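# A closer look at the structure
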Amino acid sequence: MNRLRDKVAVITGAASGIGLATARRFAEEGALVVGVDLNTEAITALAGEIGGDAITCDVTDEPAVEALYAQVVERHGSVDIAFNNAGISPPEDASILETGIEAWEHVQRVNLTSVYLCCKYVLPHMRRQGRGSIINTASFVAVLGAATSQISYTASKGGVLAMSRELGVEFAREGIRVNALCPGPVNTPLLKELFAADAERAQRRLVHVPMGRFAEPEEIAAATAFLASDDASFVTASTFLVDGGISGAYVTPL
């Protein structure tokens, strides 16, 4: 399909996982993709692969984020889609009883404050255009609790969800849609790293997925492409769950 033809899309966290898969999917759909990450080598290679652009940026740095969107508009004329996807899940973020304030604040800054900054500085460009789609990566943990806690990660994703809902309502009549993408567990390098050394830990999560497997990054990218496109023209302020049925399950199939 060619649903994103002639649109300029900015994707943060584009070097790997969901961001990388989505950059490729957006390009297939006709978008000019600007990949944003701290991994300059990876996003430069991505830009070459898909015929897009690459900008190295620390999305927790306010002046850098403001400059990022100004640079995109200067180079490409508009920002039609902003996929705010950068995030971390470090091992030191665990139960509230174990997680120190430094780990808490670091995760909040990368996962929540960066989304705030990206929304804050892309919105003026979209308002001037009179159009835009913002997709913020939250998580299924924003709507469910887990006994295997990553307390700051969970709290940060809840914040992304609430902020996205509010922005979706605030700017709905200006032609700007804002949605929270809430993936279930995804077969990304981050998840593989978490569970590679602990099959029991992975299985403890997998048993709760009605479909019996983790998502592939390309499946999340497909959902993101829908939210970015005009096919989702009446979708805003939504909690867009792509979770294999986890949030709807009580007992899963044997």
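Positions within a chain are numbered from 1, following the residues in the order the chain's sequence is written. For a predicted model such as this one, the threshold for reporting local features is a pLDDT of at least 70, and the threshold for listing and counting side-chain atom pairs is 80 or more; totals across whole chains, interfaces and linings nevertheless cover every residue. The basis for the side-chain values is all heavy atoms of the structure; hydrogens and waters are excluded.

## Let's talk about the overall build of the protein
- Labels follow the DSSP assignment, with helices taken as runs of H or I lasting at least four residues and strands as runs of E lasting at least two, numbered in each case from the N terminus. Regarding its fold elements, the protein presents 8 helices and 7 strands.
- Relative to its length of 254 residues, the protein is compact, with a C-alpha radius of gyration of 17 Å against a globular reference of 18 Å.
- In terms of overall dimensions, the protein has a C-alpha envelope of 50 × 40 × 35 Å along the principal axes.
- Exposure categories follow from relative accessible area, calculated using a 1.4 Å probe and restricted to protein chains: below 20% of the type maximum is buried, above 50% is exposed, and the middle band is partly exposed. When each of the 254 residues of the protein is scored for burial, the buried share is 49%.
- Whether two residues touch is decided by their heavy atoms; if any such pair falls within 4.5 Å, the residues are in contact. Considering only residue pairs separated by 6 or more positions, the protein has 71% of its internal contacts joining residues 24 or more positions apart.
- Every accessible area reported is derived by Shrake-Rupley at a probe size of 1.4 Å, with residue values counting cover from the shown protein chains alone. Here the protein displays about 12,100 Å² of accessible surface, and carbon together with sulfur accounts for 54% of that area.
- The charged-residue count follows a simple rule in which Lys and Arg add positive charge and Asp and Glu add negative charge, with His and chain termini not counted at all. To locate a charge, take atom NZ for lysine, CZ for arginine, CG for aspartate or CD for glutamate. Treating the 20 positive side-chain charges of the protein as one cloud and the 30 negative ones as another, the clouds have centres 6 Å apart. Every radius of gyration here is taken over C-alpha atoms, with the globule rule written as 2.2 Å times N^0.38, N being the number of residues.

## Section: a nonpolar patch on the surface
- Together, V143, L144 and L241 give the surface a local cluster of nonpolar side chains, amounting to about 190 Å² of exposed area.
- Structurally, L241 is set in strand β7 (residues 239-242).
- In this structure L241 comes out as partly exposed when scored by relative accessible area, which is 34%. Patches here: salt-bridge-free residues with over 30% relative accessible area, like charges joined within 9 Å, nonpolar side chains (Val, Leu, Ile, Met, Phe, Trp, Tyr) joined within 5 Å. Salt bridge, as used here, is a side-chain nitrogen of Lys or Arg placed within 4 Å of a carboxyl oxygen of Asp or Glu.

## Comments concerning the packing of aromatic side chains
- Aromatic rings from Phe, Tyr and Trp, taking only the six-membered ring of Trp, are treated as a pair when their centres fall within 6.5 Å; an angle between ring planes under 30 degrees marks them as stacked, one over 60 as edge-to-face, and anything in between as tilted. Per the stated rule, a full pass over the model turns up 1 aromatic pair.
- Considering the side-chain rings of F226 and F240, the 5.8 Å spacing of their centres and the 35 degrees angle between planes classify their relative orientation as tilted. Residue F226 is found in helix α8 (residues 217-228), and its partner F240 is found in strand β7; the two are separated by 14 residues along the sequence.
- Judged by its relative accessible area of 22%, F240 is partly exposed.
- Our definition puts a charge over a ring when NZ of Lys or CZ of Arg is within 6 Å of the ring centre and also within 35 degrees of the ring normal. Its guanidinium or amino end placed over the ring of Y121, K120 lies 5.9 Å from that ring's centre, counting from NZ or CZ.

## Description of the sheet that holds strand β1 (residues 8-12)
- Following DSSP output, two strands are said to pair if at least two bridges run between them. Pairing is parallel across the open sheet formed by 7 strands, whose spatial order is β3-β2-β1-β4-β5-β6-β7. Strand pairing shows two members of the sheet lacking a second neighbour, β3 (53-56) and β7, which therefore form its edges. Pairs of neighbouring strands in the sheet enclose a mean axial angle of 20 degrees, with direction left out of account.
- In this sheet, strand β5 (residues 132-137) lies alongside strand β4 (residues 81-84) in parallel orientation, the contact comprising 4 bridges. Its bridge partner lying in β5, I81 is registered against S133.
- Orientation is described by lines fitted to C-alpha atoms, with helices fitted over the stretch in contact, and by angles between N-to-C directions that extend from 0 to 180 degrees. Relative to β3, helix α3 (residues 62-76) is tilted by about 155 degrees, and along the sheet it contacts β1, β2 (32-37), β3 and β4.

## Section: the nonpolar core
- We define the nonpolar core as a collection of buried residues of types Ala, Val, Leu, Ile, Met, Phe, Trp, Tyr and Cys that are connected through side-chain atoms lying within 4.5 Å of one another. If you look at the biggest cluster of nonpolar residues, it comprises 33 residues, and the most contacted ones within it are V65, Y69, V72 and I134.
- Ranked by the residues each element gives to this core, the list is headed by helix α4 (residues 101-129), at 8 residues.
- Excluding residues within four positions of it along the chain, V72 makes contact with V8, V10, V34, I55, G77, S78 and V79.
- Membership of the second largest hydrophobic core comes to 27 residues, among which are L4, A9, A225 and V235.

## Considering the environment of V110
- Turning to its location among the elements, V110 is positioned in helix α4.
- For V110, a relative accessible area of 14% puts it in the buried group.
- Contacts of V110, omitting those with residues within four sequence positions, involve T60, A86, G87 and I88.

## Thoughts on the packing of helix α1 (residues 17-28) against α8
- At a minimum axis distance of 8 Å, the contact between α1 and α8 shows a crossing angle of 55 degrees. Comparing their axes, α8 and α1 come out oblique. Both α1 and α8 take part in a crossing whose hand is right-handed. Touching G17, I18, A21, T22, R25 and F26 of α1 are P217, E218, I220, A221, A222, T224, A225 and A228, all from α8. Angles are sorted into four bins: roughly parallel if under 35 degrees, roughly antiparallel if over 145, roughly perpendicular if 65 to 115, and oblique for all others. Handedness of a crossing follows from how the near helix is turned relative to the far one, being left-handed for an anticlockwise turn of less than a right angle and right-handed for a clockwise one.

## Here we look at the pairing of β3
- Of the two faces of β3, only one is covered, namely that formed by D53 and I55; the face formed by A54 and T56 stays uncovered.
- Sheet topology note: the β2/β3 ladder contains 4 bridges and is parallel. Within β3, the residue paired with G35 across the bridge is A54.
- Traced from β2 through helix α2 (residues 40-50) to β3, the parallel crossover comes out right-handed. If you view a crossover with the strands going away from you and the path from the first strand over the helix to the second runs clockwise, you call it right-handed.

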